[in-house]
Every structure is written in structure tokens, then in C-alpha cells.
Amino acid sequence: MKIICIGRNYVDHAKELSNPVPSKPLVFMKPPSALLVNDKPFYYPEFSNDVHYELEVVLKITKNGKHVQPEFAANYYHEVTLGIDFTARDIQSELKRKGHPWEIAKGFDHSAVLGNFVEIGEVWKKGNVEFELKKNGETVQHGNTRDLIFPFDHLIVYISKYFKLQMGDLIYTGTPAGVGPVKIGDHLEGLIHKNDGSVERLLDCEIK
Ligand code: ZN
């Protein structure tokens, strides 16, 4: 199982970190040991002083595929959830400065929080998935996938050129603006807006 992540996939987020808007998807991976599921707490790692949340829509791959063509891309995912791409921003900034890979800053244990999946049809409204992150009850990130620079199908096509997609793979599709630090004692909740107008909490994570 692979955890494939996309960086800088919303214009407003690329700008808030003073990064250029990419012309192709920026792809990186986390190892399977990064997963944190079932609303388990996240233990703040000792090697960083600046861990940031990044709330992202996550796709689950339901079919194996290589060189997927655009017209078939939507057949490769049927469920969606929210995840947090925890990032040790202090370490990432140093690695970026040196031009080194990001794995330590992005792929450490439990850096990939995963919520409960829902059928994509329940939240798919003209290609829009609206979602938000609450920190201690206050909304800190609010996004809509209509603002993705590279939409879901584009990501499937692009990623499958380089990596065979396999059932169970996860794609973290990038974070909107509003990323920020967490501290011990914080409570994070990921909410998704559904077609019937209801809001469902898919993710709940305490920082310990
Ligand atoms: Zn991210």
C-alpha cells in the first residue's frame, strides 16, 4: 500500500508559503507506517518544534491501474475521506533550503491521519467537495475541491504514468490555505459537507 501525497495543489496555499504555483503535480510519498487511523491520538514528536496540520481530501484507490486514460480516471476511486498531512515545518524548511528530499519532515510515524471513508457520490456535487478543519472548535481551514489546481482525475492520470496504482493506495490531494501549528492539548476535527446539506465529522484527533 502506498500513500501518495500532492503538494501545493491549491493556489492560496502555495502563496501562503511563498511557493510558486506548480505547472505539474508535486508528488511525494509517506510510508505505510505513517498511517494513524480510528481517531487515535497523535503524539507530538520530540524532533520538531513546529508540527503543522494540513487538512486534505483523501481518495482510496479501488482498482489496479497503469497509464490510466483521462476518460477512465473516475473509475479508480469511489470513496473519499479527510486526512491530515502532518508536517514538521521546521525540518521541511531546512530540507527545502538544502534541496534535499522531504521524507523526514513529511513521512514520520503517524504523520498521515486518516478519517472514515464515505461514498464519493454522497459528497460529489458538480465536482465539488467542501470540507473544513476545526481546531479546538474554531474553523481554521475551509476548502472546496473545485479550487484544486490539478483535479482528482488529473492526479490519477499523472500518478499512474510513474507508479502503478494498486487497490488500497491512498492519495492525499493537497491542502487549502490556513495551515498552522498544533500543540499538545489541541483537538482537530475534519468535517465534510454532504449533498443533503448535512455536515459529517470524518476525522477526530487529539494532540498528546
Ligand atoms: Zn500536504
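Everything quoted here is computed from the prediction, not taken from an experiment.

Asker: So what exactly am I meant to see when it comes to helix α2 (residues 89–98) here?
Answerer: Residues that lie three or four places apart on an α-helix share one face, since the helix turns once every 3.6 residues. Among all positions of α2, only Arg 89, Ile 91, Gln 92 and Leu 95 are buried. Looking straight down α2, one finds its buried side chains confined to an arc of 155°; they lie on one side. Gly 99 sits one or two residues past α2 and shows a positive phi near 75°.

Asker: Quick question: what am I supposed to make of the packing of aromatic side chains here?
Answerer: A ring pair, where both rings are aromatic, is described by two values, the distance of the centres and the angle of the planes. Across all of its chains, the model carries seven aromatic pairs by this definition. Three or more aromatic residues joined by ring pairs make a cluster, and in this case those are Phe 42, Phe 47, Phe 86 and Phe 108. Of note, Lys 60 hangs over the ring of Phe 117, and the distance from its end group to the ring centre comes to 4.4 Å. Sitting over the face of the ring of Tyr 76, Lys 63 holds its NZ or CZ atom 4.9 Å from the ring centroid.

Asker: Help me out: how do you make sense of the environment of Asp 12 in this one?
Answerer: Considering the arrangement of structural elements, one finds Asp 12 in helix α1 (residues 11–16). The partly exposed category is assigned to Asp 12, whose relative accessible area is 41%. Residues Asp 12 and Arg 89 lie 77 residues apart in sequence; the distance between their C-alpha atoms is 18 Å. With residues up to four places along the chain from it excluded, the contact list for Asp 12 reads Pro 176 and Ala 177. Here the side chain of Asp 12 touches Ala 177 through a polar contact of 3.5 Å, landing on its backbone nitrogen.

Asker: I'm lost on the pairing of strand β15 (residues 199–206) in this one. Help?
Answerer: In terms of strand pairing, strand β14 (residues 187–193) meets β15 through seven bridges, oriented antiparallel. Along β15, the bridge assignment pairs His 193 with Val 199. Hairpin connection, β14 to β15: the antiparallel pair is bridged by five residues, and Gly 197 has positive phi, about 90°.

Conventions we followed
Residues numbered from 1 in each chain as written. Predicted model: local features only at pLDDT ≥ 70, side-chain atom pairs only at ≥ 80, totals over all residues. Heavy atoms only, no water. Buried < 20%, exposed > 50% of the residue type's maximum accessible area, 1.4 Å probe, protein only. Helix = DSSP H or I, 4+ residues; strand = E, 2+ residues; numbered from the N terminus. Arc of directions from axis to C-beta. Phe/Tyr/Trp six-rings, centres within 6.5 Å; stacked < 30°, edge-to-face > 60°. Lys NZ or Arg CZ within 6 Å of the ring centre and 35° of its normal. Contact = heavy atoms within 4.5 Å. Polar contact = N/O pair within 3.5 Å; in protein donor to acceptor, adjacent residues only side chain to side chain. Pairing = 2+ DSSP bridges.

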